[in-house]
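# An overview of the molecular structure
Here is what each chain is made of, one letter per residue.
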Amino acid sequence: MTTPSTGTTGTTPTSTTTPASTSPAIQVDKAALDGATPKDLLPTTGNYPTEITRYRSVVLTDIPNAKPARKLTGAIDLGEDNLPFYDRPAEGMIVTTEQSWSAQGVTLGRLLHSLALAPGESTKVAVVDWQGTTKATGTEKTTEADTLTSTSDQNRSINEVANAIAREEQHGDSTALQFSKSSSSGGSAGFALFNLGIGGNWSNSENTGFATAVSRSTGVKSVAEEATQRISARTQQLATAARSRNMTVVRETSQAEKDQVMTRVVTNYNHMHAMSVQYYEVVQVYTVTTKPTKLERCLFIPLQELTFTYSSLQRYKEVLASVAPTEWAARIRAANPFDTSIRKLDACTAPEAPEKQPYDGVDLADIAGGPMGVYGVRKADGSPVRFDPVARQWNPIPTTGLSTGLNRIAPGKDTVWALRTDQTVVYLDGTTWRTDPSGFRALSLACGADGTVYVVGMDNTLWQRTLSTPWQALNVQADEVAAAGSKVWYIRQGKTYERSATGWTERATGSPSRLFATADGTLWGAFKSGDAFAALVLEPGATSWGPTKIPALQTTTVSSTTAVVSAVSGDYWGLKADGTLIRVLTTQRENPAAFDFPPKADSPYASRIDVWYDEVGIRSIQVVFPGQTARVGDTGGSGVLRQASYTFGGADKLISVDAWSGTAARGSLAGLRLTMTSGVANFGIAETTTVAPDLTEDAGGASAICGLFGATVKTGSRTYVSSLGFYVRGGNVSQTVLDHLNDNRRHYSQAVWANADELTLSRILANYSYTPSGSTAPAVPLGMLLDPKPIAATGNYLGFRWNFASEQEREDWTKTRKASDNTFGTPVTTTVAIATKGVFAEAVLGRANSAEKIDLTRFWNWKDSPIQITPADIAPVSTASRAQNLDTKVAALSASEARFTPLAALPDPVGLQTAQAIATANLFRDMSGINTVGQVLTKGIEAAASNDKAAGERAQEAFKTATEHTQKMSQIAADTITKIIPAIAGMPGGGGNLSALGGMLNQDGKTGTDAKADTKTDTKA
């Protein structure tokens, strides 16, 4: 097969055949080898992003099994304090969003400055660009150790014997001869010529002296003394001060400065147009695209708010101070929870109850007392009430099951019995009143301490029964009945009977309208005389009614009292005819006896507390310390005692003490509550009461109990605790600091949660598991699935990264939550302009021509008349350094605390005084008189020398006169010099310029001919 040749046109192919497999030749565009610049080498904008930014956002998506929220129908109260926090785990996501910044170009931004220049005006512009960066890092670590040990010993024992003998022998003979001669002469001559002077002086003196002295004397002085002195002193000092202070200082300081000053001169060289220079900022324009790129699962764990105590402040002190206001941060840092000093926690002292207490506003129709307390029936509506000794008020009791009101009430051992207004017997079964099954009706009723109820039937027959036994007739007729303890009384036709072992015994005669028995076994009767009432008492064993021996009730009974009752607590109640009440405390109170068990070194912390109490107060307290037991009060006397105990943990701390006062001993502690870090210990009425405590003492955060103090009070055969306090050892933390932290616990709790260390969080999370809704996978501890480093905190939620238990779980979760889902947002593109440091300046000429036409009558030659407007000097540009000196000095170590006590000086030996006396100079007196002879010779020599001195002084004065004359002659010669008189000669001159010439050629105006010529010229043109 033959094919045409692929050669170039006009050429002959070398072969007429070509194999089928031969490839065509490569075509090359030779013009492109040396053409225009390729497009791929030209810089362009907008094709690729110049910067990509990624950021995360945590989203809470679901709270499984959450309680229905409130429906928003009105304004929300931001001051509501009792809003609940999150109480169950929540699921969420971490959305990673990407921003791409693509540069689109540069444009002009806002006008920064406009500089206007008149024609020919010039000005100076200075631009200062300063940048400064300062970075300093400081770490201090100091090591200081000071140890000082000293031992001093002084011993001295001296035996002294001193003997001194002084002998003297003198012979005295004095001879003195003196010859003195003095010859003095002086002269002076002065001659002055051409500043030349001559002077002279002379003197002569001669002295001769001779003296002889011989002395002799004989004398003997002897001194002998013996002294014995023994001094033994031993002083031993041991001072040791050991301090550890490690200090290492590392200061890293970095300062960088950049100054750039540019000064330019801007001139408008236009002679006829003003010019404005406009400065614009250069703006870089970007296209910003935002889109979500990654989703991660996270789990929000709800946390309880912290109650800040001594221990928590000790642990989170720095975290709390870092988020506190400035003034509170200083107080938090100043608190020292490590200062475990011992202090006394103020004693909880119960107030002494008043002897009488009227209850105005409480009107009762009936009143009764028993083991359950004091009960009554309201006069207004017949509803039952009970007196609360803790709250000291009358409280209503349930009326469920009552179709009508009550007119009688009788509390028993554990059941309250009553009579309805229709005389039907009813009883309180828990919270519901129930009618007696037999439908029994009665005129009167009473209840004993053993739970037996006694009633007087409608036929005046006396009956008895319990809840478990039927009614039983006692085969006697009665008008009223009363019971207290194991005793029962009734009255019939003016006579009072008391039940004995085998029957009934008559006690006294009289006609009381009502009978009332008190807890101590005393019978009271209300006697009516006309419109007045009197309460009389039938004492045990007595056979007649009479006044009570209780002083507080003697004045009460004469005031229209219709009833007197009491409960086990011992307080009495008097009911008046008008329904008002008077409460009387009859118990006698002795002076309180103080007790004190201070801390001991070998028993620092309490390990257990035991409290014994009865129905009205705390009788005894026992606190066990290692090696010591503190016991106050007693467990004797009447009444039924109960005991409660609490064992303290190893690191258990006392947070607060609450106390309730009672009526025992006319005021004592009836309830005690110790709030510990491990729990709450309740004793006495604190176990059941809901009334707020009367006394509260805060332990200052948290402290350990290490001692006990207070007082007890005795009444009759019982002893009660009237005040109680504790010795505590704890940190020196102000209660106001703890109050501030607890008042703002949500804020500070969130700070603690966010700064919790990973070890603590891992330990906590390892104890919990969570299974997503709808998952059938086995529960896995959260410590294996959650990253212990928190990523978010909102409310009381702390968010963690939630890993997947399997790869399949990851795929299923990711499929349902794709990043491109509109739920999480589609890519958003916007244009953003960012100002740069660049400035663009453009000069614009004014539209009006500000120059006049050329005229010989005006200035026009700029060289002859240059512009006088020159730019004013700008203020000096300061390029001084703005750097600051950083303090890199190391804190000096403190002074040593070790001190030595100076040793006392020992007395000198007394025997040395004898030797000092022997060695005294001039022990014997001078007998020769040689000192006097020497003084006479000295005076003669001084007199001879005085003449020579006078002659020399006169010669000096003559020489001084000649010198002064020479100086005056020189001054006269200087004044005769001839002075030079200068001559001044000068010739004035003048000149001219082109501007002056123009002034000389000034014209008054142009002629009409010239004007026409101009017109013609313009026409031809």
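Rules used in this analysis
- Residues numbered from 1 in each chain as written.
- Predicted model: local features only at pLDDT ≥ 70, side-chain atom pairs only at ≥ 80, totals over all residues.
- Heavy atoms only, no water.
- Helix = DSSP H or I, 4+ residues; strand = E, 2+ residues; numbered from the N terminus.
- Buried < 20%, exposed > 50% of the residue type's maximum accessible area, 1.4 Å probe, protein only.
- Contact = heavy atoms within 4.5 Å.
- Areas by Shrake-Rupley, 256 points an atom, 1.4 Å probe, with all protein chains shown as cover.
- Core = buried A, V, L, I, M, F, W, Y, C linked by side-chain atoms within 4.5 Å.
- Phe/Tyr/Trp six-rings, centres within 6.5 Å; stacked < 30°, edge-to-face > 60°.
- Lys NZ or Arg CZ within 6 Å of the ring centre and 35° of its normal.
- Pairing = 2+ DSSP bridges.
- Axes fitted to C-alpha atoms, helices over the stretch in contact; angles between N-to-C directions.
- Salt bridge = Lys/Arg side-chain N within 4 Å of Asp/Glu carboxyl O.
- Polar contact = N/O pair within 3.5 Å; in protein donor to acceptor, adjacent residues only side chain to side chain.
- Parallel < 35°, antiparallel > 145°, perpendicular 65-115°, else oblique.
- Left-handed = near helix turned anticlockwise from the far one by under 90°.
- Nonpolar A, V, L, I, M, F, W, Y, C, P; charged D, E, K, R; others polar.
- Patch = residues over 30% accessible without salt bridge, like charges linked within 9 Å, V, L, I, M, F, W, Y side chains within 5 Å.
- pLDDT = per-residue confidence, 0-100.

Bringing the overall build of the chain into the picture now. Tallying secondary structure elements over the chain gives 12 helices and 44 strands in all. Burial analysis of the chain (1021 residues in total) assigns 33% to the buried set. Relative to all contacts within the chain whose residues are 6 or more apart in sequence, the contacts with residues 24 or more apart total 70%. With an accessible surface of roughly 62700 Å², the chain has 52% of that area assigned to carbon and sulfur atoms.

What follows is about the nonpolar core. Within the largest apolar cluster, 34 residues are counted, with the highest numbers of intra-cluster contacts made by I609, I621, L654, L674, F683, L708 and L724. Apart from residues no more than four positions distant in its own chain, I609 is found in contact with I621, Q622, V623, A644, S645, Y646, F648, L674 and F683. Core analysis: the second largest hydrophobic core is formed by 23 residues, V362, I367, A567 and L581 among them.

Aromatic ring pairs: the centre-centre distance and the angle between the two ring planes describe each pair. Applying the stated rule across the entire model yields 17 aromatic pairs. Between W417 and Y427 the ring centres are 5.3 Å apart and the planes differ by 45 degrees, which places this aromatic pair in the tilted class. One end of the pair, W417, is in strand β15 (residues 416–420); the other, Y427, is in strand β16 (residues 425–429), with 10 residues separating them in the sequence. A residue is classified by how much of its surface remains accessible, and W417, at 1% relative accessible area, is buried. An aromatic cluster is built from F387, W394 and W573, whose rings are joined through pairwise contacts. Between R619 and the ring centre of Y720, over which it is positioned, the NZ or CZ distance is 5.6 Å. Looking at R631, its charged tip hangs above the ring of W612, at a distance of 4.3 Å from the centre.

A few words now on the environment of A365. Within the fold, A365 resides in strand β10 (residues 364–370). In this structure A365 comes out as partly exposed when scored by relative accessible area, which is 44%. Linking A365 and S383, residues 18 residues apart in sequence, is a C-alpha distance of 9.9 Å. Setting aside residues no more than four positions away along its own chain, A365 makes contact with V377, R378, K379 and L575.

The strands that make up a sheet are held in pairs by hydrogen bonds between backbone atoms, and each pair lies either parallel or antiparallel. Taken together, 4 strands build an open sheet; the order of strands is β10-β11-β12-β13 and the sheet is antiparallel. With partners counted over all chains shown, the strands left at the sheet margins are β10 and β13 (393–396), one partner each. Taking each pair of neighbouring strands and ignoring which way they run, the sheet shows an average axis angle of 30 degrees.

To continue, consider the pattern of salt bridges. By the definition in use, this model includes 16 salt bridges. Where R801 meets E296, a salt bridge forms, and the shortest distance between an N and an O atom there is 3.3 Å. Within this pair, whereas R801 is found in strand β43 (residues 797–801), its partner E296 is found in strand β7 (residues 275–302), the two being separated by 505 residues in sequence. Given a relative accessible area of 22%, R801 falls into the partly exposed group. Between D614 and R619 there is a salt bridge, and its shortest N-O distance comes to 3.0 Å. Taken as a pair, D614 and R619 share a single burial class, namely buried. One continuous salt-bridge network, built from bridges that share partners, spans D366, R408, E480 and R514.

A few words now on the side chain of E91. Inspection of the secondary structure assignment puts E91 in strand β2 (residues 90–117). On the accessibility criterion, E91 (15% relative accessible area) is buried. Within the structure, E91 has its side chain in polar contact with the side chain of Y770 (distance 3.0 Å). Dropping the residues within four chain positions of it, E91 is found in contact with L60, T61, D62, P64, C298, L299, F300, Y770, P772, S773 and W802.

Attention now goes to the packing of helix α2 (residues 326–334) against helix α4 (residues 735–743). Their axes nearest at 10 Å, the elements α2 and α4 cross at an angle of 125 degrees. It follows from the interaxial angle that α2 and α4 lie oblique. Crossing angle aside, the handedness with which α2 passes α4 is left-handed. When α2 is examined against α4, the residues W328, R331 and I332 are found in contact with a partner set consisting of T736, V737, H740 and L741. Split into classes, the residues belonging to the contact of α2 with α4 amount to 4 nonpolar, 2 polar and 1 charged.

Our next topic: the sheet that holds strand β26 (residues 514–517). On the basis of which strands lie adjacent, the open sheet formed by 3 strands has the order β26-β27-β28 and antiparallel pairing. Unpaired on one side and paired on the other, β26 and β28 (532–538) mark the two borders of the sheet. Adjacent strand axes in the sheet meet at a mean angle of 25 degrees, parallel and antiparallel pairs treated alike.

Before going further, it helps to examine a nonpolar patch on the surface. On the surface, V128, W130, V261, I874 and V877 cluster together to form a nonpolar patch covering roughly 340 Å² of accessible area. Mapping V877 onto the fold places it in the loop between β44 (828–845) and α9 (912–918).

For T715, the position within the fold is in strand β40 (residues 695–715). Residue T715 is classed as buried on the basis of its relative accessible area of 11%. Separated by 124 residues in sequence, T715 and N591 have C-alpha atoms that sit 9.7 Å apart.

Let's shift gears to unusual backbone geometry. Here the phi dihedral of N475 falls at roughly 60 degrees; this positive angle occurs in a residue that is not glycine. Mapping N475 onto the fold places it in strand β21 (residues 469–477). Taking relative accessible area as the criterion, N475 reaches 69% and is therefore assigned exposed.

Below, the discussion takes up the pairing of strand β20 (residues 461–466). Within β20, 5 of the 6 residues are buried, which leaves it mostly tucked inside the rest of the structure. The sheet contact formed by strand β19 (residues 453–457) and β20 spans 4 bridges and is antiparallel. Residue V455 lies in a different strand from β20, and its bridge partner there is W463. The turn joining β19 and β20, which pair antiparallel and follow one another in sequence, is formed by 3 residues; a positive phi near 70 degrees is taken by N460.

Another point: the confidence of the model for the chain. Scored by pLDDT, the chain comes out at a mean of 74, with 65% of its residues at no less than 70. Here residues 976–992 is a poorly scored stretch, pLDDT under 50, and it has 0 contacts once near neighbours within four places are set aside; other chains count.

Quick look at the pairing of β21 now. When β20 meets β21, the two strands line up antiparallel, connected through 4 bridges. Bridge assignment links Q464 to a residue of β21, and that residue is Q472. Once β20 ends, the chain turns through 2 residues before running back antiparallel as β21.

This paragraph deals with the environment of R514. With respect to the secondary-structure elements, R514 resides in strand β26. Put simply, R514 and A482 are 32 residues apart on the chain and 8.9 Å apart in space, counted from C-alpha to C-alpha. Among residues more than four places away in sequence, those in contact with R514 are D366, R408, E480, W524, G525 and A526. Only 3.0 Å separates the side chain of R514 from the side chain of D366, close enough to count as a polar contact.

A few words now on the side chain of T522. Positionally, T522 belongs in the loop between β26 and β27 (523–529). Dropping the residues within four chain positions of it, T522 is found in contact with F516, A517, V537, L538, E539 and P540.

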